[in-house]
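# Examining the three-dimensional arrangement
Here are the chains, one letter per residue:
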Amino acid sequence: MLRPWQARLLVVESMWTWYRRNWRATVFSSLLSPVFFLVAMGFGLGSQIQPGGLTHGYSYVVYLMPAMLAAAAIQNAAGESTFPILSGFKWSRVYWGMTATPITPAQVATGQLLWILGRLTFSLTVFAIIGTALGAAAGPGIVLSLVFAVLTGMAFAAPLVAFAATVEGEGDKFNPVFRFIVLPMTLLAGTFYPVSELPAVVRPLAWITPLWHGTELTRAAAFWNFELWPVLGHVAYLLALSAVGWFLTVRYFRRRLEV
Amino acid sequence: MSVDPLVLAEGLTKRFGDFEAVAGIDIEVRKGEAFGFLGPNGAGKSSTMRMVACVSPRSGGELRVLGMDPTVEGPKIRARLGVVPQQDNLDNELTVRQNLQVYGRYFGLSRKHVRDKAAELLEFAQLADRADDEVEPLSGGMKRRLTIARSLVNDPELLLLDEPTTGLDPQARHLLWDRLFRLKQQGVTLIVTTHYMDEAEQLCDRLVVMDKGRIAAEGSPSQLIDRYSTKEVLELRFPPGEQDPEPVRDLGERVEVLPDRVLVYTTDGEAALAAAHTRGVTPVSSLVRRSTLEDVFLRLTGRTLVD
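Residues numbered from 1 in each chain as written. Chains lettered and ligands numbered in written order. Predicted model: local features only at pLDDT ≥ 70, side-chain atom pairs only at ≥ 80, totals over all residues.

## Observations concerning the confidence of the model for chain A
What counts, and what does not: Looking at any residue, its pLDDT shows the predictor's confidence there, from 0 to 100. Only DSSP runs of H or I with at least four residues qualify as helices, and only runs of E with at least two residues qualify as strands; both kinds are numbered from the N terminus onward.
On average, residues of chain A score 95 in pLDDT, and 100% of them reach the 70 mark or higher. Across chain A, the secondary-structure element scoring lowest on mean pLDDT is helix 2 (residues 27-44) of chain A, at 90, and the one scoring highest is helix 7 (residues 142-164) of chain A, at 98.

## Structural notes on the packing of helix 3 (residues 60-80) of chain A against helix 6 (residues 105-133) of chain A
Residue and element names in this part refer to chain A. How we decide: Orientation is described by lines fitted to C-alpha atoms, with helices fitted over the stretch in contact, and by angles between N-to-C directions that extend from 0 to 180 degrees. Less than a right angle of anticlockwise turn of the near helix away from the far helix marks a crossing as left-handed, whereas a clockwise turn marks it as right-handed. Think of it this way: build a C-beta for each residue from its backbone, and any pair within 7 Å is a contact. Under the convention adopted here, Pro, Cys and the residues Ala, Val, Leu, Ile, Met, Phe, Trp and Tyr are nonpolar, Asp, Glu, Lys and Arg are charged, and Gly plus all remaining residues are polar.
Remark: helix 3 packs on helix 6, axes separated minimally by 10 Å, with the N-to-C direction vectors making an angle of 145°. Pair helix 3 / helix 6 crosses with right-handed handedness. Facing Met65, Leu69, Ala72, Ala73, Asn76, Ala77 and Glu80 of helix 3, the residues of helix 6 in contact are Ile116, Arg119, Leu120, Ser123, Leu124, Phe127, Ala128 and Gly131. For the contact of helix 3 with helix 6, the residue count by class is 10 nonpolar, three polar and two charged.

## Details of the environment of Leu217 of chain A
All names here are of chain A. Let me state the cut-off plainly: Working definition of burial: number of other C-beta atoms within 10 Å of the residue's own, with buried at 20 or more, exposed at 12 or fewer, and partly exposed in between, all C-beta atoms being placed from the backbone.
Relative to the assigned elements, Leu217 resides in helix 10 (residues 210-222). Owing to 27 C-beta atoms within 10 Å, Leu217 belongs among the buried residues under this scheme. Sequence separation between Leu217 and Val231 is 14 residues; the distance between their C-alpha atoms is 6.5 Å. Setting aside chain neighbours within four positions, we find Leu217 in contact with Phe148, Val231, His234 and Val235.

## What about the nonpolar core?
Cut-off, in case you're wondering: Nonpolar cores are identified as sets of buried Ala, Val, Leu, Ile, Met, Phe, Trp, Tyr and Cys residues joined via C-beta atoms within 7 Å.
In this structure, Met65, Leu69, Ala73, Ile74 and Leu124 of chain A together with Leu160 of chain B are the most contacted members of the largest nonpolar core, which totals 153 residues. With 16 residues, helix 3 of chain A is the largest single contributor of residues to this core. The contact partners of Ala73 of chain A, leaving out residues within four places of it in the chain, are Leu120, Leu124, Ala149, Val150, Thr152, Gly153 and Gly214 of chain A. Grouped together as the second largest cluster of nonpolar side chains are 12 residues, Leu263, Val264, Tyr265 and Ala272 of chain B included.

## Thoughts on the sheet that holds strand 10 (residues 232-237) of chain B
All names here are of chain B. Rules: A pair of strands is treated as paired once DSSP finds two or more bridges between them.
The four strands lie next to each other as 11-12-10-13, forming an open sheet whose pairing is antiparallel. Because the sheet does not close on itself, it has two edges, and the strands there are strand 11 (254-258) and strand 13 (285-290). Between one strand axis and the next, the sheet turns through 20° on average, direction left out of account. Sitting on the sheet, helix 9 (residues 269-278) touches strand 10, strand 12 (261-266) and strand 13, and the angle it makes with strand 10 is about 35°.

## Looking at the pairing of strand 6 (residues 158-162) of chain B
Residue and element names in this part refer to chain B. This is how it is decided: Note on handedness: a clockwise path from strand one over the helix to strand two, with the strands aimed away from the viewer, defines a right-handed crossover.
Extensive coverage of strand 6 is indicated by the burial of five of its five residues. Because side chains alternate across strand 6, one face comprises the buried residues Leu158, Leu160 and Asp162, and the other comprises Leu159 and Leu161, equally buried. Here five bridges tie strand 6 to strand 7 (residues 189-194), and the two strands are oriented parallel to one another. The partner of Leu161 across the bridge, within strand 7, is Val192. For the crossover from strand 6 across helix 6 (residues 170-185) to strand 7, the handedness is right-handed.

## Brief notes about the sheet that holds strand 8 (residues 206-211) of chain B
By definition, the strands of a sheet pair up through backbone hydrogen bonds, in either a parallel or an antiparallel sense. Residue and element names in this part refer to chain B. Strand order in the open sheet formed by six strands is 5-6-7-3-8-9, with mixed pairing between adjacent strands. The open sheet has two edge strands, strand 5 (81-84) and strand 9 (214-219), and neither has a second partner. On average, adjacent strands in this sheet sit at an angle of 15° to one another, irrespective of strand direction. In this structure, strand 8 lies alongside strand 9, joined through five bridges in antiparallel fashion. For Met210, the partnering residue across the bridge sits in strand 9 and is Ile215.

## Examining helix 9 of chain B
Residues and elements named next belong to chain B. How we decide: The arc in question is formed by the directions pointing from the helix axis toward the C-beta atoms.
Turning to helix 9, its buried residues number three or more, namely Gly269, Ala272, Leu273 and Ala276. The buried residues of helix 9 all sit within an arc of 100° when viewed along its axis, so they share a single face. Among the exposed residues of helix 9, those oriented more than 90 degrees off its buried face are Glu270, Ala274 and Thr278. Structurally, helix 9 contributes buried residues whose contacts are with strand 10, strand 12 and strand 13. Directly after helix 9, the chain includes Gly280, whose backbone phi takes a positive value near 85°.

## Examining the domain arrangement of chain B
Put simply, the rule reads: Just so you know, the domain bounds were taken from an automatic or database domain assignment.
Split into domains, chain B comes out as domain 1 (7-222) and domain 2 (230-290). Each of domain 1 of chain B and domain 2 of chain B was reduced to a C-alpha centroid, and the two centroids are 39 Å apart.

## Overview of the interface of chain A and chain B
Contact with chain A, which involves 24 residues of that partner, is made by 23 residues of chain B. Elements represented by at least two residues in the side of chain A that touches chain B include exactly helix 1 (4-22) and helix 5 (94-98) of chain A. Looking at which element gives the most residues to the side of chain A that touches chain B, the answer is helix 1 of chain A, with eight residues. Considering only residue class, the side of chain A that touches chain B consists of 11 nonpolar, nine polar and four charged.

Given below as structure tokens:
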């Protein structure tokens, strides 16, 4: 008999088998795209920005790097948590194959989230290494930034996977997610400038996004500048989103596969 | 010696909202036999199969698979089943071999074991020369054979095949049946759903005829034909709308009228044909044949299997 965690890890293993063969197709979206942003915005546009109080005294690219980690986590999470999930139910139908074995729908759900966790960790680590090599890291705090960025990604991925498990049709419902959630979040949640610079009416919109909380954390870690209660608050918010998302993912996978 | 049945269902029911897909059926599948569900699309065959496969909870009645209750011991039962679903769910972006290996791992089998098993199954499915090709470009028949090979990766005691040859060309179907015969000879218990009467006759030792969620009849193919049909059938084809059963009605035990032909059920088809000619009946063409399960189904439900 399969042990419960073995079953979840076997789901991860099967996705890893797929990735080993097909990773090339994912390189642009998961890796090159954030590097381009870092280079264009950080070095290019950033060359015109004076280091000052808002950039914590660092050059703009160093200011941008930890936030780009969190933003890249959101981008990656969005890609991994939408069409691949719908495909598992509808096009490749691999979830149906898995659940004909001793593996249960709930274990497939958790295994899928674990796989996304692994993907985020891997992609963001490579991105962090590239950024550090380019001189965009303020110091060893970037390692903790990386951990917070992964958490940020999961706080978005888990609820999104749960949503994707309810999507039928051709996935048209994902377009509003990209247009009205991912893009505005990337532009407004404090990646490129502090949220305090936004008009007061827009600020609350930034505050509810996981990316704003993640950006606060990745910057605090990168510049090793922690304030206890805000840090705890941000971590709690991201953990809560992840936990609720996980719970709903299991629930909706079961609902869809146990019919 | 009595052997516990591998599948035992009593009053098994599946409802989707107000719709009753399976309306209380009793079945018993014994070790080593090939058991069939024959019926048209929508008869409740697939719903039944999914309940037996322990992936779909039953709405009512009793069900035991391998002596266990699927509600309680689903994973334990599924570990000993092989499932060929109606719709392929192979991973098209992996190779043929990887599909077998990955699937074997889901059962907790070791990497070494699934490697050896995959090699063996590739031979069985006659796919050894495509082993390291991606699945996507394979033909429908090859994908189906791979799905069957995959279902055997855990050496199942019971193999469930839902419409195994639907959509395949005749040659691919015969190749597939040949593989299934081999499994039968090796003692694997098979449960097959089909809406092809030739498939049911070829594969099944015993079958139930299903219609609208219920079992209409049960027996071996020959028993069913004996019980519900005559030895021979005379088919008289007419241009659509011009078929008139009246002149031949008394030439057999029973007459069925289809859109393009009249079927006369009789013990002696040739004699009935001669008599029809004597009476001046002039069909476009005529044919004397043996009764099949199609005739049984027509008798039981008043409809044909494949519309």
